[in-house]
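# Commentary on secondary and tertiary structure
What follows is the residue order along each chain.
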Amino acid sequence: GGSIACENWTISRVLAQNFGIGVQCAGCKGLLIEHSYWYIGWAKEAIRGQVHASDMTVRWSIFEDSCQKDPADPTSGCTAEIGIWDGGSGAFDNVKVYGNVFYKTTNSHNSDAVVLVGGGPNWAGSPTNNTLVYNNTIAGYKSGSSRIQVNGGSGNTCRNNVWYNILSGVGTGASCG
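My aim in this report is to walk through the structure given alongside it, one point at a time. Since this is a predicted model, take the numbers as computed values, not measurements.

### Brief notes about unusual backbone geometry
- Non-glycine residue Asp 55 carries a positive phi angle of around 55°.
- In this fold, Asp 55 is placed in the loop between β7 (47-54) and β8 (57-59).
- For Asp 65, which is not glycine, the phi dihedral falls at a positive 50°.
- On the basis of relative accessibility, which here comes to 4%, the residue Asp 65 falls in the buried class.

Here is the structure:
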């Protein structure tokens, strides 16, 4: 499942504004991110997990325009505000994403999802197991996808997520394998 570089860290009460990737979790176990405001991000993800990102919780935070195309980089764009994939077996198990608000005020395009956890047929890396994505609000998306995508093995649950003010044609809903 990849090597562990940090274990049982907490990131709490952060205002991140005008940033690249807010959190790059490449070898984490037990990471807690909470009570934070991620505002105006210029990378493919605000929170990225790869190599190993298990037992991770993202809760009670606001993501406003937190991933979008960088005007200085024509190849950039937003994959997902939270994107966790590309690692070995068990690398993305036991992830929880709940109580967050994901909001776009721009026309920025999400290519794949708002929350994406686990590898699978179209993603590098292993599937996730025992991942919970619930009680999130997703609002204001005008382009691309505002979906929740959990590429799973077993024990995954997506429930009580709400989409509001989503432009017609933007992908909504949850795929919780």
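### Brief notes about the nonpolar core
- Met 56 and Phe 102 are the most contacted members of the largest nonpolar core, which totals 31 residues.
- Of all the secondary structure elements, the ones that give two or more residues to this core are β3 (15-19), β4 (23-29), β7, β10 (82-87), β13 (115-117) and β16 (148-150).
- The dominant element in this core, judged by the number of residues it contributes, is β4, at three residues.
- Those residues in contact with Phe 102, other than ones at most four positions away along the chain, are Phe 63, Glu 81, Ile 82, Val 97, Val 114, Val 115, Asn 136, Thr 137, Ile 138, Ala 139 and Tyr 141.

### Focus: the state of the cysteines
- One pass over the full model with this rule turns up two disulfides.
- Between the sulfur atoms of Cys 25 and its disulfide mate Cys 28 the distance is 2.3 Å. In this pair, the class of Cys 25 matches that of Cys 28, namely buried.
- Paired by a disulfide, Cys 67 and Cys 78 hold their sulfur atoms 1.7 Å apart. Of the two residues, Cys 67 is situated in the loop between β9 (62-64) and β10 and Cys 78 in the loop between β9 and β10; the sequence distance between them amounts to eleven residues.
- Take Cys 78: its relative accessible area is 2%, and that puts it in the buried class.
- The thiol of Cys 6 is not disulfide-bonded; the next cysteine sulfur, from Cys 28, is found 3.2 Å away.
- By relative accessible area, which is 12% here, Cys 6 ends up buried.

### A few points about the pattern of salt bridges
- Enumeration over the complete set of coordinates arrives at three salt bridges.
- Of the charged contacts in the structure, one is a salt bridge between Glu 45 and Arg 48, with a shortest N-O distance of 4.0 Å. This pair shows no difference in class: Glu 45 is buried, exactly as Arg 48 is.
- Close ionic contact of Lys 104 with Glu 81 constitutes a salt bridge, the shortest N to O distance being 3.2 Å. Of the two residues, Lys 104 is situated in the loop between β12 (101-103) and β13 and Glu 81 in the loop between β9 and β10; the sequence distance between them amounts to 23 residues.
- Judged by its relative accessible area of 1%, Lys 104 falls in the buried class.
- The exposure class assigned to Glu 81 is buried, which follows from its relative accessible area of 1%.

Calculation notes
Residues numbered from 1 in each chain as written. Predicted model: local features only at pLDDT ≥ 70, side-chain atom pairs only at ≥ 80, totals over all residues. Heavy atoms only, no water. Helix = DSSP H or I, 4+ residues; strand = E, 2+ residues; numbered from the N terminus. Buried < 20%, exposed > 50% of the residue type's maximum accessible area, 1.4 Å probe, protein only. Core = buried A, V, L, I, M, F, W, Y, C linked by side-chain atoms within 4.5 Å. Contact = heavy atoms within 4.5 Å. Disulfide = S-S within 2.5 Å. Salt bridge = Lys/Arg side-chain N within 4 Å of Asp/Glu carboxyl O.

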